Amino acid sequence: MRAWLALALAACNAPPATPKPGSADELAQYLKTIAGEDGPTRARAVSTWRIPEASWDRTIVSPWKSLYGEYIAGYAVAEHPIQDALASLDPVAVRRHYAGDPALTIGEARLRWALPVQYPSMVATIGGRELDAVFVYDGQWRALLGLDALVMARVRALDASCATNLDRIGPLGHCNEIGFVVAAAALRGGGPELVRACHMAASMCGNPAP
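Per chain, residues are indexed from 1 in the order of the written sequence. A pLDDT threshold of at least 70 governs which residues receive local features in this predicted model, and a stricter bar of 80 or more applies before side-chain atom pairs are shown or counted, although totals over entire chains, interfaces and linings include all residues. Remark: hydrogens and water are excluded; side-chain values derive from all non-hydrogen atoms of the structure.

(A) Layout of the side chain of Glu 79. With respect to the helices and strands, Glu 79 occurs in helix H5 (residues 68–85). What Glu 79 contacts, discounting residues up to four positions off in sequence, is Ala 43, Val 46, Ser 47, Arg 50 and Leu 145. Think of it this way: any DSSP run of H or I at least four residues long counts as a helix, any run of E at least two long counts as a strand, and we number them from the N terminus. Contacts are assigned to residue pairs that have any heavy atoms within 4.5 Å of one another.

(B) Broad picture of helix H7 (residues 147–158). Along its 12 residues, H7 runs 17 Å from first to last C-alpha, staying within 8% of the 16 Å computed at 1.5 Å per residue. Relative accessible area decides the class of each residue, using a 1.4 Å probe on protein chains only: under 20% of the type maximum gives buried, over 50% gives exposed, and in between gives partly exposed. Regarding H7, the residues found buried are Leu 147, Asp 148, Leu 150, Val 151, Met 152 and Val 155. Those residues of H7 that are buried lie in contact with helix H4 (53–59), H5, helix H6 (106–111), helix H8 (160–166) and helix H9 (174–187). Expected span, for any helix, means 1.5 Å times one less than how many residues it has.

(C) Here's a closer look at the pairing of strand S3 (residues 129–137). Only strands that DSSP links by at least two bridges are regarded as paired with each other. With four bridges joining them, strand S2 (residues 122–126) and S3 adopt antiparallel strand pairing. Pairing of Thr 125 across the sheet is with Glu 130, part of S3. Once S2 ends, the chain turns through two residues before running back antiparallel as S3, passing Gly 127 with a positive phi of about 60°. Pairing geometry for S3 and strand S4 (residues 141–143), over three bridges, is antiparallel. Considered in S4, the bridge of Val 136 is made with Arg 142. Linking two consecutive strands that pair antiparallel, namely S3 and S4, is a turn of three residues; a positive phi of about 110° is found at Gly 139 within it.

(D) Quick look at the pattern of salt bridges. By definition, a salt bridge exists where a carboxyl oxygen of Asp or Glu is found within 4 Å of a side-chain nitrogen of Lys or Arg. Across all of its chains, the model carries nine salt bridges by this definition. With a shortest N-O distance of 2.6 Å, Asp 101 and Arg 95 are connected by a salt bridge. Taking relative accessible area as the criterion, Arg 95 reaches 23% and is therefore assigned partly exposed. Put simply, Arg 110 and Asp 167 hold a salt bridge, and the shortest N to O gap is 3.2 Å. Highlighted residues: Arg 110 in helix H6 and Asp 167 in the loop between H8 and H9, separated in sequence by 57 residues. What makes Arg 110 buried here is its relative accessible area of 6%. Assessed through its relative accessible area of 35%, Asp 167 is described here as partly exposed. Bridged by salt links that share partners, the residues Arg 110, Asp 148, Arg 156 and Asp 167 form one connected network.

Written out as structure tokens, the structure is:
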């Protein structure tokens with residue numbers, strides 16, 4: 001009896017298990033150390049989320065891979081909304097970044113296209129509100145901040161009405177599927193492939209996703 005009691009007390013007093021590196025639990029624990037901190041602390045943390053070029057080349061699929069220089073150049077601007085969102089002290093939750101998740105933001109849904117199928121990227125909420133960022137792990141946490149805006153700028157420069165159709169996208173359905181084709185075609189420079197894809201998007205994305 002005494003031995004059982006000693007084991008029970010030891011279990012109750014044991015430190016919490018360390019989350020597996022790269023897991024949703026680890027990212028949630030990490031974000032909780034940042035959320036609610038002062039501005040400079042949040043800024044320093046988010047600045048470390050830039051993806052190094054070697055990690056980018058291993059992770060991001062073509063033709064999204066070609067945007068690395070623009071991703072780095074625009075990172076300082078793209079990080080500000082995330083810094084602001086992390087000012088909240090509300091509870092943090094993390095989940096896998098799956099295509100078809102109806103809770104994804106439009107940007108998070110479109111960023112599935114930039115990653116390999118089944119890649120273990122993550123998204124997070126603060127107080128139930130989406131933190132509009134996609135996280136990847138390469139030994140530490142990184143984020144694809146601003147990447148969706150870069151892709152949409154390419155589409156908009158080539159066909160503004162097509163970009164408007166893609167802004168109606170949801171995480172489910174044919175609009176999402178043709179959106180991948182439109183984005184890839186725009187990143188490859190446009191041409192007939194983009195024209196065909198945009199014609200299809202006009203019919204598939206004609207109404208806002210429910």
